[in-house]
Amino acid sequence: NAPRLSDILGRKVGAVTVEASNPTVLSHVWRLKLDYEGETGPPTLFLKTQNRDKPEIAKFGHHEVDFYRRLAAETPADILVRCYDSHLDETTGNWHLLLEDLRDTHASPSAWPFPPTLADSQAVIRTLARFHATWWDDKRLGAGIGTWGDPSQVPQNQKLMSDAVAKL
């Protein structure tokens, strides 16, 4: 709602409209258009919430919220999407991320479910490599920032993801 966005952005948001709403494998995404009262700010934002039809995979969103809360601020700014707000309700498991909307400046690599072009794949891989290089061998990983995955959970996580993709 507009008052909550005003608090988050530190600007008077007069109105918010939903331009798009789409379920994904792991989440539900919303493109929000903002109108300001006598001020300027981001014209659109990207809201990501849990996919309520798939509560069994909500934990993946919890990890993303934790990522934006703990690691994003220490990662070079030109690698990540700006996060304006993150929330995780420990009681209900509900979560959301309010992110910078890059639709007007970054092209979608391809139409779902087709794979991206080789050039687009290379650009994605370069960006991921820059991110990983930033954190490579950081002593805090697994000891204060994040946890190491349990190898015994890999088959269960793969099944959860396979089942979620199969439902598309």
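Residues numbered from 1 in each chain as written. Predicted model: local features only at pLDDT ≥ 70, side-chain atom pairs only at ≥ 80, totals over all residues. Heavy atoms only, no water.

Novice: I'm lost on the packing of aromatic side chains in this one. Help?
Specialist: Geometrically, a pair of aromatic rings is defined through the distance of the ring centres and the angle of the planes. Applying the stated criterion to the full structure yields two aromatic pairs. Ring centres of phenylalanine 67 and tyrosine 68 lie 5.1 Å apart, and the angle between their planes is 85 degrees; this geometry places the pair in the edge-to-face category. Each ring, one from phenylalanine 67 and one from phenylalanine 131, has its centre 5.6 Å from the other, and the planes form 65 degrees; the classification is edge-to-face. Taken as a pair, phenylalanine 67 in helix α2 (residues 58–70) and phenylalanine 131 in helix α3 (residues 118–135) lie far apart in primary sequence, 64 residues in all. An aromatic cluster is built from Phe67, Tyr68 and Phe131, whose rings are joined through pairwise contacts. (Phe/Tyr/Trp six-rings, centres within 6.5 Å; stacked < 30°, edge-to-face > 60°. Helix = DSSP H or I, 4+ residues; strand = E, 2+ residues; numbered from the N terminus.)

Novice: Before we go on, may I ask you to explain the pattern of salt bridges in this structure?
Specialist: If charged atoms from side chains of opposite charge come close, those side chains can pair. Using the criterion set out here, one finds nine salt bridges in the structure. The shortest N-O distance in the salt bridge between arginine 31 and aspartate 101 comes to 2.4 Å. You can see arginine 31 sitting in strand β2 (residues 27–36) and its partner aspartate 101 sitting in the loop between β5 (95–100) and α3, a full 70 residues away along the chain. Here arginine 31 and aspartate 101 have matching classes, each one buried. Note that glutamate 64 is salt-bridged to lysine 48, the shortest N-O span being 2.8 Å. One end of the pair, glutamate 64, is in helix α2; the other, lysine 48, is in strand β3 (residues 44–50), with 16 residues separating them in the sequence. Classification of glutamate 64 by relative accessible area gives partly exposed; the value is 21%. Here lysine 48 falls in the buried class, since its relative accessible area comes to 17%. Salt bridges here are not isolated pairs; linked through shared partners, they connect Glu19, Arg31 and Asp101. (Salt bridge = Lys/Arg side-chain N within 4 Å of Asp/Glu carboxyl O. Buried < 20%, exposed > 50% of the residue type's maximum accessible area, 1.4 Å probe, protein only.)

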